[in-house]
Amino acid sequence: MKRRTLFGVACLLAVALMGIARVSAAEKVDTDPKQQLPKPDGKPADMTKPVQVFILLGQSNMVGMGKIAGGEGSLENAVKNKNKYPYLVDDAGNWSERKDVRNVRVMSGKGGMQLFNNEWMTIKGGTMGPEYGIGHPLGNAIDAPVMILKSCIGNRCLGWDLLPPGSEPYEFDGKMNMGYRGTKENPKGNGEKPGELYAGWEYDIDVENAKKVLADLAKYYPGATKYEVAGFFFWQGEKDCGNTAWAQRYELNLVNFIKALRKDFDAPNAKFVLATLGEATKGSGGNGGKVLEAHLAVDGNNGKYPEFKGNVATVFSNPLSMGGSGNGHYGGNAETYMNVGEAMGKAMAELLKK
């Protein structure tokens, strides 16, 4: 009887240990005080230095679909009831505000560029992307003023909407696919914008909108007179997973995308950090597997692209996700957006050290 009892106790302990082992990497970070970010000190940045600009690009999950207010899955619940991300609130329990990080968000729309955010970094609005998780690690790591500049819109693919300059037309499954600024009538294009819709049209708009902000710097970062584009963040891939041609060309397009952005912003040394789709698991097949392989391939530590060593990093977001898929916006769970954002921000801070 004693042996059976001891065996039963051992089984229960084993099950409990297995449950602990299944705790996600994100949950371990959230509950470890040593790994939590400090609260902002409320001081402004050193304005004698150029603003360090970080441009955020992608599709809907970069735009932001995480819930701020509400019950389970909201940022409010995570911070106030679960005690996660304590740096987001001040000592009085209100949302904290960074005076050294500017949060700017623009988007293409009818009539031109639409402005959604232009304030010191604080929690605002009804939904969020990874910007809060990105902005706080960078604000802590950089003495200079920091601008988080998001320029993107949802439902955009790298294989067409965001197709970068230099992309050539190609044939796939008997069908001709367009190169940058190409159309059905002229797949290669002639370098000029042919109209409202063409291959790479959203790339052009997002880049142009970001440049409009930087051209009027003091409006978006009060008191600033100079800037440097220090880095790019990219979280995208859902739409490309729905098209075999786009998925198979994703790696080539991603490499060209990184190079094109650096050229367009005259920032050859700007760092680049991207995140994989939260539902993507290593070794998976199909179009999703192709996109994941591309995301992982460009990481500078991978070795496939020596020119990216020390300046491109990929965040594998599957352990950081609280569930759901990119197409389903991870159920609106703000913790996924915060976890991925923090990981991206910390990855960028590491690249900047190099």
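Below or above, wherever it landed, is the structure these notes cover.

When helices and strands are tallied, the chain shows eleven helices and eleven strands. On C-alpha atoms alone, the chain measures out to a radius of gyration of 22 Å, which is about the 20 Å that the 2.2 N^0.38 rule sets for 354 residues. C-alpha atoms of the chain, sized along the principal axes, occupy 85 × 55 × 40 Å. Within the span of the chain, comprising 354 residues, buried residues form 52% of the whole. Expressed as a percentage of contacts within the chain between residues at least 6 apart in sequence, the contacts between residues at least 24 apart total 72%. Side chains of the chain give 43 positive and 39 negative charges; the mean places of these two sets differ by 5 Å.

With that settled, the discussion passes to the pairing of strand β11 (residues 312–315). Taking every second residue as pointing to the same face, both faces of β11 are buried, with V312 and T314 on one and A313 and V315 on the other. Examined bridge by bridge, strand β10 (residues 271–275) and β11 share four bridges and lie parallel to one another. Residue pairing across strands places A275 opposite V315, the latter belonging to β11. Crossover handedness for the path β10 to helix α10 (residues 286–297) to β11: right-handed.

Assignment of secondary structure puts H295 in helix α10. Judged by relative accessible area, H295 falls into the buried class, the value being 1%. A polar contact is formed between the side chain of H295 and the backbone oxygen of Q236, at a distance of 3.2 Å.

Summed over the entire model, instances satisfying the criterion amount to 16 salt bridges. With a closest N to O distance of 3.0 Å, R181 and D204 form a salt bridge. Within this pair, whereas R181 is found in the loop between β8 (175–177) and α6 (201–215), its partner D204 is found in helix α6, the two being separated by 23 residues in sequence. Judged by its relative accessible area of 15%, R181 is buried. K193 serves as the salt-bridge partner of E208, at 2.2 Å between the closest nitrogen and oxygen. Placement of E208 in helix α6 and of K193 in the loop between β8 and α6 is noted, with a sequence separation of 15 residues between them. With a relative accessible area of 32%, E208 lands in the partly exposed category. Overlapping salt bridges bring together E72, K82, K84 and E335 as one network.

Turning next to the sheet that holds strand β4 (residues 112–121). Across the sheet, which stays open at both edges, the seven strands sit in the order β4-β3-β6-β1-β9-β10-β11 with mixed pairing between neighbours. Among the strands making up the open sheet, the edge pair consists of β4 and β11. The mean angle between the axes of side-by-side strands here comes to 20 degrees, regardless of whether they run parallel or antiparallel. On the sheet, helix α9 (residues 250–264) packs against β1 (51–58), β9 (227–235), β10 and β11 and is oriented at approximately 145 degrees with respect to β10. Contacts between helix α11 (residues 334–353) and the sheet are confined to β1, β9, β10 and β11, with β10 contributing the most and set at about 155 degrees to the helix.

With that settled, the discussion passes to the packing of helix α5 (residues 131–141) against α11. Two elements in contact, α5 and α11, have axes whose closest approach is 6 Å; the angle formed by their N-to-C orientations is 30 degrees. Taken together, the axes of α5 and α11 are roughly parallel relative to one another. At the point where α5 passes α11, the crossing takes the right-handed sense. Contacts between α5 and α11 involve Y132, G133, I134, P137, L138 and A141 from the first element and M338, G341, E342, M344, G345, K346, M348, A349 and L352 from the second. Of the residues in the contact of α5 with α11, the class split is ten nonpolar, three polar and two charged.

A rise of 1.5 Å per residue sets the reference length of α6, with its 15 residues, at 21 Å; its end C-alpha atoms lie 21 Å apart and thus fit the reference within 8%. Listed in full, the buried residues belonging to α6 are W201, E202, Y203, D204, D206, V207, N209, A210, V213 and L214.

The final tally for this structure, using the stated rule, is two cavities of 30 Å³ or more. Estimates place the volume of the second largest cavity at around 30 Å³. Lining the second largest cavity we find M47, K49, V51, G223, A224, T225 and K226. The residue makeup of the lining of the second largest cavity, split by class, is three nonpolar, two polar and two charged.

Of note, F54 is situated in strand β1. Its relative accessible area of 0% is what places F54 among the buried residues. With 15 residues separating them in the primary sequence, F54 and A69 have C-alpha atoms 27 Å apart. If we skip the residues at most four places from it in the chain, F54 touches L138, I142, V146, M147, I148, L149, A230, G231, F233, M348 and L352.

Cut-offs applied
Residues numbered from 1 in each chain as written. Predicted model: local features only at pLDDT ≥ 70, side-chain atom pairs only at ≥ 80, totals over all residues. Heavy atoms only, no water. Helix = DSSP H or I, 4+ residues; strand = E, 2+ residues; numbered from the N terminus. Rg over C-alpha atoms; globule rule 2.2 N^0.38 Å. Buried < 20%, exposed > 50% of the residue type's maximum accessible area, 1.4 Å probe, protein only. Contact = heavy atoms within 4.5 Å. Lys, Arg positive; Asp, Glu negative; His and termini not counted. Charge placed at Lys NZ, Arg CZ, Asp CG, Glu CD. Pairing = 2+ DSSP bridges. Right-handed = clockwise from strand over helix to strand, strands pointing away. Polar contact = N/O pair within 3.5 Å; in protein donor to acceptor, adjacent residues only side chain to side chain. Salt bridge = Lys/Arg side-chain N within 4 Å of Asp/Glu carboxyl O. Axes fitted to C-alpha atoms, helices over the stretch in contact; angles between N-to-C directions. Parallel < 35°, antiparallel > 145°, perpendicular 65-115°, else oblique. Left-handed = near helix turned anticlockwise from the far one by under 90°. Nonpolar A, V, L, I, M, F, W, Y, C, P; charged D, E, K, R; others polar. Expected span 1.5 Å × (residues − 1). 1 Å grid on protein atoms, 1.4 Å probe; cavity = no way out; pocket = protein on both sides within 12 Å on 5 of 7 lines; lining within 4 Å. Points joined across faces, edges and corners; volume = space filled by probe spheres on them.

All quantities given are derived from atomic positions and should not be read as evidence of function.
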